[in-house]
Each structure stands twice: as structure tokens, then as C-alpha cells.
Amino acid sequence: MAAGGGSPSIVEYFGGEDGYRCGYCKNETGNLSHGMWAHSMTVQDYQDLIDRGWRRSGKYVYKPIMNQTCCPQYTIRCQALRFQTSKSHKKVLKKMLKFISKGDVSKVVSEEEPMDSHIEDVVSSDFAYKSESQVSQTELTPLNEDHAEGAENEDKDNVETNVKKVESGSLQIPVDKDAAGPGEPSHSSKTVHAPPKPGKGADLSKPPCRKAKDIRKERKLQKLLQNQMGTLEGSPLQAGHQALLSQNSKTPTNQPKSIEDFIFVSLPDDAPHKLEVRVVRSSPPSSQFKATFQESYQVYKRYQMVIHKDPPDKPTINQFTRFLCDSPLEAENPPNGPECGYGSFHQQYWLDGKIIAVGVIDILPYCVSSVYLYYDPDYSFLSLGVYSALREIAFTRKLHEKAPDLCFYYMGFYIHSCPKMRYKGQYRPSDLLCPETYVWTPIEQCLPLLELSKYSRFNQDAKAVDEGRIKDLGRVRVLHKRTIMPYSVYKKRRKGPSDEASVQQYASLVGQTCSERMLLFRS
């Protein structure tokens, strides 16, 4: 999707933070990261940032200092279109199906999977409190844009500028010619991988043959559309399901079952339970989100108190809002995008008319990014952490039907140095992001390296460099006194000590493309 148009991303860089307490090894000051406050952000900019190792907690966006932090956190993504359910995943899906269709309750929690699939992010909510911006909204509204007519020649003392008036709220961003366009992978989406083994996986370019048994299965699935689909903002989720169900019904019998085969199953009319999944936009909040806010918050509060042992006064409405409801992402609804649009959402799991779990997700140009999960502790026996991750993978596959570029499921961070956090590697096939060159590497190639050292460069090409690295600091876009200008112009006007070292660090971390699109606020 295009990176231009609409309002620009506006960020306030805070630099390298002091050490925080680590939620994994409990080191009091070992958790080191760079951070910035995102006043607003386009989904394309955030996509490009997470492809460089960034992640958000509310409006705070942070990047672990990988070679210094006590427990390195590697960005992990699952290739949703090629995902195959493991034996333990199938157990969880079957357990939910038995509970809904027969009322069977299994109190045995699988030891292979943790109950909470998003435990690491509970510690990141502290960032937002310590680093929240104090800049007023007025200061963030651009009025002018200054272009240096020869910014490349910074030796000139008298830089002529062309000031262009821009109406507030209607700023048009010039599209970077070097930026990845629709259908093109970004610089950071390169993948290092070994050739596939012969005989593994289906040839997606050829239609599989159909059998009578599969045709009967398709008829059952068609009937399912009327009573078993999740809902999107209160209406049936139909877009893409027709093709998805048809595709599933064509699966040869010798192929392993897909997630959809377990999720979209015809239920008996007298099924004791009904599970419904609703996707509601959280930012800006939709009417459905507002109507269910209190109920959702109460589930979050119980979850934090029971699962994470928070004292009752910690999971406040204010903390919940800032951590899981506030988002810098601008809502976008392009005609070639998913029906629900791009941005931040809550995926609510309704069981018999009440919320039992909520998955907080971002829908971005190339992926569904999982932010957090909270659930009613009374339903821990359903392994909702695992179940919700599988539903989000299925959701990614469904969105892909309308938005072909959207084909990955980002699971946040993989922490190999913390054994209980290694479970994310069981969602295969998956890739880890190289912390130095920002190319994706199959996790099978990364694990031997991580066994030797908790910090590792995954790209084995010694000559490879970060292709998106900063090449021209002068082109970094700055917002100063409500005027947009390149850093080369701002630097000449700035009074006081130089801030070049801070801007250089910011630009090196976000990369050349984002640094030329986003606005770096300078007071």
C-alpha cells in the first residue's frame, strides 16, 4: 500500500532509556531499550518499524538494545499461509470444540504450552508511564513546510527556503520513490532461507483434486455460514470466507487438517455453548468498543490480579486504557485493504453472551500483529492463550483473501534465554529478525546460534549490511515550531547545544525510509 497521503506520523524520540526491571530474569536494571512516544503513526510506518525490531505498548514504541539487554528479544513472525497445526495445537482446538459441542470440561492444562501466550508484554506497560510526552496538541499541528532549495549543499551559509502553507489536518506527504510500493516487499522484508525439501507441502499453483467426501464436507461448511461465523462490528464476517471454505473443502484427504477444519465445524442444534468472535476497532473507538468497554475492562482486571498477581489497585481503568486501548495508529480503509480496514482492534471472544477473552491486535499492510491477550481466569482450562493465537492465524489467512500482501502473523518477541518464552517457536513455519541486517531467517537456522549465545546475528553473510540504514542525516524530517523541515535546515536554525548525536541515533534505529516519512518533533 502507498506510504503517502493522509496525516504523517509524528514521534518524539527519548533515546536510550535507563535500565528497567526485566520480566524474564528479574534483573532490576537489565532491560535496556530505545524508546519514542508516537503522537500519531501510519500503519505503513509502524509496519516498517516492527520490521526493524520495534514494538509498541500503547503509544510508546520501543526497541530493545539487543547486544546489551539482559534477555534479547527477537521479533518473530509466523508464515500464516503455510502454517501447520502441531499435535499440541490440535489438542487445544479439539478441547474447545468438545466444550462447545458437548459441554466437556477438561481441567488438565497441557504442559507443552503456557497458559498465557503474551506474558512478556505485561512488563512493557511501565514504559508508557515513565516516558509519556508532555507536548501539547497545538505544537503537533503542522502549519508550514520549509524546503531547502539546495539542502544537499549544506556548505552555503544562506539557504534559500520555499515556505509552503499547509492547511491543518490536510498535509499531503510526497511519496518516497525508493519506498516499497504496493505488492513490493520493503527493504526489511528480505528473507534468508534454505530451499524447501522435495515432497513437503502442497503446490499452491495447482488446484487439488476433489472427492465426493470433500464435496459433502463443503456443503456442511456452507451451512455453517449462517450460524457459526464470527462477527465483525456486529455483522457476519463473510468477506473471504466463501473462498476460504471452498479452499478448505478441497483439501485432499491425505493432507493434514488446517486450522479452519477445526474451527469452522458444524455444531449440533442442541450444542450447550455458543462461541462468537467479534472484531471491534479500538482506536478510534467504535460504538461497539465503547458499549463493551466496562465488561472488557473487568475481564482484564481479573486476569491481571489472578494470572499476574497484580494488587487490586494496579489494573486501573487508566492503566488499561493507556496500555491496551490507546494506539498511535491511524485508521485506514483503502478499497484494496481488508474489509475492517487497517489499525488497532480488540478481538473479543464471546461465550454464551459474555466476554471471556480479548486479543489486542494491530492489522497492518503485511501482517496481523498480536499485542496482548487477557482472559477470564475461570476459563483457563480452555488454554485460551494458545487458542486465541490459532484464531489470529486463521484471521490473518482470512484477511489475506481481500488483501494479498497481508500474509504474516507477528507474535511479538521470541526470548530464547527465557525457557518459558520459547513456545512461540512452535508455531511453524516461523522466522526471526536478524538484529543487525533486519532480514528474516527461518527459526530452525537461528536456534543453534542462540544455544551458543543469547545474542546472535542471524545473517551469515559477513558482508551483508542493513540495507535500510541512514545514508543522509540531512533528509530526516523534523517538526519544529509547527513547521516541517529537513534536519539540514533545522540544524542551521537551532539555538543551543547540538542535538545531532540524538538525531543520528534516532535515524539509525528507524532507518532512512521512515526517517524521511515520519516527523521528528523538536521543541
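See the structure shown above.
Note that this is a predicted model, so its numbers are computed, not measured.

Draft legend 1. Summary view of the pattern of salt bridges. Applying the stated criterion across every chain yields a total of 17 salt bridges. The partner of Asp48 in a salt bridge is Arg517, with the nearest N and O atoms 2.6 Å apart. Of this pair, Asp48 sits in helix H1 (residues 43–50) while Arg517 sits in helix H13 (residues 500–517), and the two are 469 residues apart along the sequence. With relative accessibility at 10%, the residue Asp48 sits in the buried group. Of the residues examined, Arg517 reaches a relative accessible area of 6% and is grouped as buried. When the shortest N-O distance is used, the salt bridge between Glu436 and Arg457 registers 3.1 Å. One end of the pair, Glu436, is in the loop between strand S15 (430–433) and strand S16 (440–442); the other, Arg457, is in the loop between helix H11 (443–452) and strand S17 (477–480), and 21 residues separate them in sequence. The exposure class of Glu436 is partly exposed, given its relative accessible area of 32%.

Draft legend 2. View of the pairing of strand S1 (residues 10–16). The element S1 is largely enclosed, with a buried count of 5 among its 7 residues. Bridge count between S1 and strand S19 (residues 519–522): 2 bridges; the pairing is parallel. Of the residues in S19, the one forming a bridge with Ile10 is Leu519. Here S1 pairs with strand S2 (residues 33–40) via 6 bridges, running antiparallel. Bridging from a neighbouring strand, Tyr13 pairs with Met36 of S2.

Draft legend 3. Up close: the environment of Ala403. Of note, Ala403 is situated in the loop between helix H10 (384–402) and strand S14 (408–414). We classify Ala403 as buried; its relative accessible area is 3%. Distance in space between the C-alpha atoms of Ala403 and Pro338 is 5.6 Å, their sequence separation being 65 residues. Setting aside chain neighbours within four positions, we find Ala403 in contact with Asn336, Gly337, Pro338 and Tyr342.

Draft legend 4. Examining the packing of aromatic side chains more closely. Here the structure, examined in full by the defined rule, presents 19 aromatic pairs. A cation over a ring is seen here: Arg55 above Phe413, with NZ or CZ 5.8 Å from the ring centre. Directly above the aromatic system of Phe408 lies the positively charged group of Arg77, at a separation of 3.8 Å from the ring centroid.

Draft legend 5. Highlighting the nonpolar core. Met36, Tyr374, Tyr427 and Tyr506 are the most contacted members of the largest nonpolar core, which has 121 residues in total. When residues in this core are grouped by element, the largest group, 9 residues, is from H10. If you look at the next biggest cluster of nonpolar residues, it comprises 7 residues, including Ile10, Leu140, Leu479 and Ile484.

Draft legend 6. Expanded view of the side chain of Asp51. Structurally, the position occupied by Asp51 is in the loop between H1 and strand S3 (55–57). Arg77 provides the closest opposite charge to the buried, unpaired Asp51, separated from it by 5.4 Å. A distance of 2.6 Å separates a polar atom in the side chain of Asp51 from a polar atom in the side chain of Tyr410.

Draft legend 7. Region of interest: the packing of helix H2 (residues 87–102) against H10. The geometry of H2 relative to H10 is characterised by a closest axis approach of 10 Å and an angle of 95° between their N-to-C directions. The pairing of H2 with H10 is recorded here as roughly perpendicular in orientation. Within the contact between the two elements, H2 uses His89, Val92, Leu93 and Met96 and H10 uses Leu384, Val386, Tyr387 and Leu390. For the contact of H2 with H10, the residue count by class is 7 nonpolar, 1 polar and no charged.

Draft legend 8. Layout of unusual backbone geometry. The amide bond that connects Ser283 to the next residue, Pro284, takes the cis arrangement and shows omega of -5°. Along the chain, Pro284 turns up in the loop between strand S10 (275–283) and helix H7 (287–291). Cis rather than trans, the peptide bond between Arg428 and Pro429 has omega equal to -5°. By the secondary structure assignment, Pro429 is in the loop between S14 and S15. With a phi close to 70°, Lys26 is a non-glycine residue in the positive phi region. Mapped onto the elements of the fold, Lys26 is located in the loop between S1 and S2. Of note, Arg482 is a non-glycine position whose phi angle comes to about 65°, a positive value.

Draft legend 9. Expanded view of a positive patch on the surface. A cluster of basic residues, Lys94, Lys98, Lys102 and Lys257, forms a positive patch at the surface. Along the chain, Lys98 falls in helix H2. Accessibility expressed as a relative area gives 46% for Lys98, which makes it partly exposed.

Draft legend 10. Here's a closer look at the packing of H1 against H13. Packing of H1 against H13 leaves a shortest axis separation of 10 Å and a crossing angle of 165°. Considering their axes alone, H1 and H13 lie roughly antiparallel with respect to each other. The two elements H1 and H13 cross, and the hand of that crossing is left-handed. Contacts between H1 and H13 involve Gln44, Asp45, Asp48 and Leu49 from the former and Val510, Cys514 and Arg517 from the latter.

Draft legend 11. Here's a closer look at helix H8 (residues 293–306). Look at H8: 20 Å from first C-alpha to last across 14 residues, which is about the 20 Å you get at 1.5 Å a residue. Among the residues making up H8, those that are buried are Phe293, Ser296, Tyr297, Val299, Tyr300, Tyr303 and Gln304. Projected onto a plane normal to the axis of H8, the buried residues spread over an arc of 160° and lie on a single side. Buried residues along H8 sit in contact with H7, helix H9 (317–325), strand S11 (343–351), strand S12 (354–363) and strand S13 (367–375).

Draft legend 12. Up close: the state of the cysteines. Counted by the stated rule, this structure contains 0 disulfides. Left unpaired, Cys71 is separated from the closest cysteine sulfur, that of Cys22, by 3.7 Å. For Cys71, a relative accessible area of 4% corresponds to the buried category. No disulfide involves Cys367; its sulfur sits 9.3 Å from that of Cys407, the nearest cysteine.

Draft legend 13. Molecular detail of H9. In terms of residue burial, H9 counts as a mostly covered element, since 7 of its 9 residues are buried. When H9 is considered as a whole, its buried residues turn out to be Gln319, Phe320, Thr321, Arg322, Phe323, Leu324 and Cys325.

Basis of the calculations
- Numbering of residues begins from 1 in every chain and follows the order in which that chain's sequence is written.
- Reporting in this predicted model follows two pLDDT cut-offs: at least 70 for local features of residues, and 80 or more for side-chain atom pairs to be given and counted; totals over whole chains, interfaces and linings ignore these cut-offs and use all residues.
- The basis for the side-chain values is all heavy atoms of the structure; hydrogens and waters are excluded.
- Here a salt bridge means any side-chain nitrogen of Lys or Arg lying within 4 Å of a carboxyl oxygen belonging to Asp or Glu.
- Counting from the N terminus, the helices are the DSSP runs of H or I reaching at least four residues and the strands are the DSSP runs of E reaching at least two.
- Only protein chains enter the accessibility calculation, which uses a 1.4 Å probe. A residue is then buried if its area is under 20% of the maximum for its type, exposed if over 50%, and partly exposed in between.
- At least two bridges found by DSSP between two strands is the condition for calling them paired.
- The contact criterion used is simple: two residues touch if any of their non-hydrogen atoms lie within 4.5 Å.
- Any two of the Phe, Tyr and Trp rings considered here, Trp counted by its six-membered ring, make a pair once their centres fall within 6.5 Å; the pair's planes then place it as stacked at under 30 degrees, edge-to-face at over 60, or tilted in between.
- When the NZ atom of lysine or the CZ atom of arginine is within 6 Å of a ring's centre and also within 35 degrees of its normal, the charge is said to sit over that ring.
- Put simply, a nonpolar core is a bunch of buried Ala, Val, Leu, Ile, Met, Phe, Trp, Tyr and Cys residues held in one set by side-chain atoms that sit within 4.5 Å of each other.
- Positive residues here are Lys and Arg, negative ones are Asp and Glu, while His and the chain termini are left out of the count.
- Any pair of nitrogen or oxygen atoms within 3.5 Å is treated as a polar contact; in protein, a donor-acceptor pairing is required on top of that, and neighbouring residues in sequence qualify only through side-chain atoms on both sides.
- Axis definition: a line fit to C-alpha positions, over the contact stretch in the case of helices; interaxial angles, taken between N-to-C directions, run 0 to 180 degrees.
- Note on angle classes: values under 35 degrees are labelled roughly parallel, values over 145 roughly antiparallel, values of 65 to 115 roughly perpendicular, and the remainder oblique.
- All residues other than Ala, Val, Leu, Ile, Met, Phe, Trp, Tyr, Cys, Pro, Asp, Glu, Lys and Arg, Gly among them, are scored as polar; the first ten of these are nonpolar and the last four charged.
- Surface patches are drawn from residues lacking salt bridges whose relative accessible area is over 30%; two like charges belong together within 9 Å, two nonpolar side chains (Val, Leu, Ile, Met, Phe, Trp, Tyr) within 5 Å.
- Surface exposure here means Shrake-Rupley accessible area, sampled with a 1.4 Å probe, where a residue is shielded only by the protein chains that are shown.
- By convention, the charge on Lys lies at NZ, on Arg at CZ, on Asp at CG and on Glu at CD.
- Left-handed describes a crossing in which the near helix is turned anticlockwise from the far one by less than a right angle; the clockwise case is right-handed.
- Expected span, for any helix, means 1.5 Å times one less than how many residues it has.
- To be clear, the arc concerns the directions from the helix axis to the C-beta atoms.
- We call a pair of cysteine sulfur atoms a disulfide whenever their separation is within 2.5 Å.

Function cannot be read off these values alone, since they describe shape.
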